[in-house]
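The chain contents come next:
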Amino acid sequence: MELIPVKSSNLNSVGYDAINSSLDIKFHEGHFYKYFNVPLNIYNGLMVAMSHGKYFDQHIKEHFRFIKIRKNEKYL
């Protein structure tokens, strides 16, 4: 999955897998998170939001199951 850089003080880059409805987010501190069962409209909303971080906090952070990939773990 290709990660697309975003301009945000918190988020570094974002990727979306439409087949699996998974959203990958890399944060500036280096951690990756994979969110599951994220609808395409949520991803699209994140990508067009005036504030990616605020949109993430309001619509993604506490709303979808996720796994955290350790900072130094190779991202696949």
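Since this is a predicted model, take the numbers as computed values, not measurements.

Chemist: Describe the packing of aromatic side chains, listing the residues and the values that go with them.
Modeler: Inspection of every chain in the model, using the stated rule, returns seven aromatic pairs. Their ring planes at 55° and their centres at 5.6 Å tell us that Y33 and F66 sit as a pair that is tilted. With Y33 in strand β4 (residues 32–35) and F66 in strand β5 (residues 66–69), this residue pair connects regions lying 33 residues apart in the sequence. Between the aromatic rings of Y35 and F66, the centroid separation amounts to 5.4 Å while the plane-to-plane angle is 40°, which identifies the pairing as tilted. Of this pair, Y35 sits in strand β4 while F66 sits in strand β5, and the two are 31 residues apart along the sequence. With relative accessibility at 2%, the residue Y35 sits in the buried group. Ring pairs connect the aromatic residues F27, Y33, Y35, F56 and F66, which therefore count as one cluster.

Chemist: A description of the sheet that holds strand β2 (residues 11–17) should follow, citing residues and the corresponding values.
Modeler: Whether parallel or antiparallel, the strands of a sheet pair through hydrogen bonds between backbone atoms. Read from one edge to the other, the open sheet built from five strands follows the order β1-β2-β3-β4-β5, with strand pairing classed as antiparallel. The outermost strands of the open sheet, each flanked by one partner alone, are β1 (4–5) and β5. Examined bridge by bridge, strand β3 (residues 22–27) and β4 share four bridges and lie antiparallel to one another. Within the sheet, the bridge partner assigned to K26 lies in β4 and is F32. Against the sheet, helix α1 (residues 40–48) contacts β1, β2 and β3, and its axis sits at roughly 150° relative to β2. Across the sheet, helix α2 (residues 52–59) is in contact with β2, β3 and β4; its angle to β2 comes to roughly 55°.

Chemist: If you had to explain the nonpolar core to someone new, which residues and values would you point to?
Modeler: By size, the foremost hydrophobic cluster in this structure holds 18 residues, and its most contacted members are L23, I25, Y35, L46 and I60. The set of elements that each furnish at least two residues to this core consists of β2, β3, β4, α1 and α2. Every residue in contact with I60, bar those within four places of it in the chain, is listed here: L23, Y35, I42, L46 and Y55.

The rules behind the values
- Residues numbered from 1 in each chain as written.
- Predicted model: local features only at pLDDT ≥ 70, side-chain atom pairs only at ≥ 80, totals over all residues.
- Heavy atoms only, no water.
- Phe/Tyr/Trp six-rings, centres within 6.5 Å; stacked < 30°, edge-to-face > 60°.
- Helix = DSSP H or I, 4+ residues; strand = E, 2+ residues; numbered from the N terminus.
- Buried < 20%, exposed > 50% of the residue type's maximum accessible area, 1.4 Å probe, protein only.
- Pairing = 2+ DSSP bridges.
- Contact = heavy atoms within 4.5 Å.
- Axes fitted to C-alpha atoms, helices over the stretch in contact; angles between N-to-C directions.
- Core = buried A, V, L, I, M, F, W, Y, C linked by side-chain atoms within 4.5 Å.

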